[in-house]
Structure formats: structure tokens, C-alpha cells
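Residues per chain, in single letters:
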Amino acid sequence: IWLTKCLKKTTMNLLVYKILYKGRLKMKKLFASLMVLTFVFFMVGCVNVDTIKSDFEEAGYTYSEDGSTWISSLLTGFEEDGITIQVHVFSKGLNTAIVLEFDAEKEMREQLDENDTLKGLITDLDDADLVRGNFLLIPISLTSDGKTQMIDIFNGKYKAENYAKG
């Protein structure tokens, strides 16, 4: 009787161990898969200036170091408030796209709500189209088509055939 009880206990322990061990392996695999998916999502969701710069250059715009310096000097009010902004300027003909890069998206959103200068620069335009991550687009053009084109480029939706002269 004692031997039977020991065998049953041992068999039960082995079963429980197998279930727990296999369960741990499954959890490790699940956790690893979730980590990989999270990393991929993070990398795809991240927007950096190189992506935006590439999109504008593919559309025929040129990056202007001089323009960035000039615009930066006009935005000294942000520095006084302790806000760091990098300015990127792209131009093509009479169209100029000013892209303000904030340190964080939250900081940019606060400035959009509170800063009258920014509000004035993007008046009559939909904020949702002008924000991409921690970047803010200020399109300057004589035509509404020019502004629309810059917004499409900024958001990665630009297709040359939509703007081909016919």
C-alpha cells in the first residue's frame, strides 16, 4: 500500500511538474513574442527627422541649413520658456515647409494649446494634419494646393501623380 501511494505521488508530481514546466516554456515564448511585437511596433511607429527629410527630398524639396538657422533665431521665445526646438526647413519654388521638432509630443501639444504665435502660424489648418509624433509642420505657400502637397508629404501620403501638372 505504501509503495502504491508513493508511486501515485511520484506520478502526480511528475504530471504537475510537466504541466508547470511546459506552461513556463509557453509563457516564456509568449513573453518573447510580445516583446518582439512591441519592439517592431515601436520602431514602425517612431517618426524621425530622417523619414520626414527623405519624404520631402523625394518630392523635390531641398533642405535648407540657412533657413533653419534664420527661423531658429525667430523662435527665441521658446528657449526663454525652457523649450528646446530644432527647426528643419524644406523649400521648393515658392513653397516652404517649416518642421519644428520638439523634445516630446506632450510638450508640443501644450505649446499648440498655449502659444499664440504657433496658433497664428497654423490658423485655418487642421492640427491633426500638421502633427506627426513630436513634429509640427508649418506650411507656407501662395496656393492651397501647395499647402496640401506639403501636408501630404509630411504625413507620408504624397503621390507625385496626384500633383502632376496636366
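Keep in mind that what you see is a predicted model, and the values were worked out from it rather than measured.

Definitions and cut-offs
- Residues numbered from 1 in each chain as written.
- Predicted model: local features only at pLDDT ≥ 70, side-chain atom pairs only at ≥ 80, totals over all residues.
- Heavy atoms only, no water.
- Phe/Tyr/Trp six-rings, centres within 6.5 Å; stacked < 30°, edge-to-face > 60°.
- Buried < 20%, exposed > 50% of the residue type's maximum accessible area, 1.4 Å probe, protein only.
- Helix = DSSP H or I, 4+ residues; strand = E, 2+ residues; numbered from the N terminus.
- Lys NZ or Arg CZ within 6 Å of the ring centre and 35° of its normal.
- Pairing = 2+ DSSP bridges.

## Remarks on the packing of aromatic side chains
Argument step 1. Under the counting rule described, the total for this entry stands at three aromatic pairs.
Argument step 2. Aromatic pair Phe 56 and Tyr 61: ring centres 5.3 Å apart, planes at 75 degrees, arrangement edge-to-face. The pair Phe 56 / Tyr 61 is uniform in exposure class, with both members buried.
Argument step 3. Centroid distance Phe 56 to Phe 90: 4.7 Å. Interplanar angle 10 degrees. Geometry classified as stacked. Of the two residues, Phe 56 sits in helix α2 (residues 49–58) while Phe 90 sits in strand β2 (residues 85–92), which places them 34 residues apart along the sequence. Comparing Phe 56 with Phe 90 shows no difference in burial state: the two are buried.
Argument step 4. Across from the ring centre of Tyr 63, 4.5 Å away, lies the NZ or CZ of Lys 53, which sits over that ring.

## A word on the sheet that holds β2
Argument step 1. Ordered in space as β1-β2-β3-β5-β4, the five strands form an open sheet in which the pairing is antiparallel. Bordering the open sheet on either side are β1 (62–63) and β4 (131–132), each of which pairs with just one other strand.
Argument step 2. Pairing geometry for strand β3 (residues 95–102) and strand β5 (residues 135–140), over six bridges, is antiparallel. Residue pairing across strands places Glu 101 opposite Phe 135, the latter belonging to β5.

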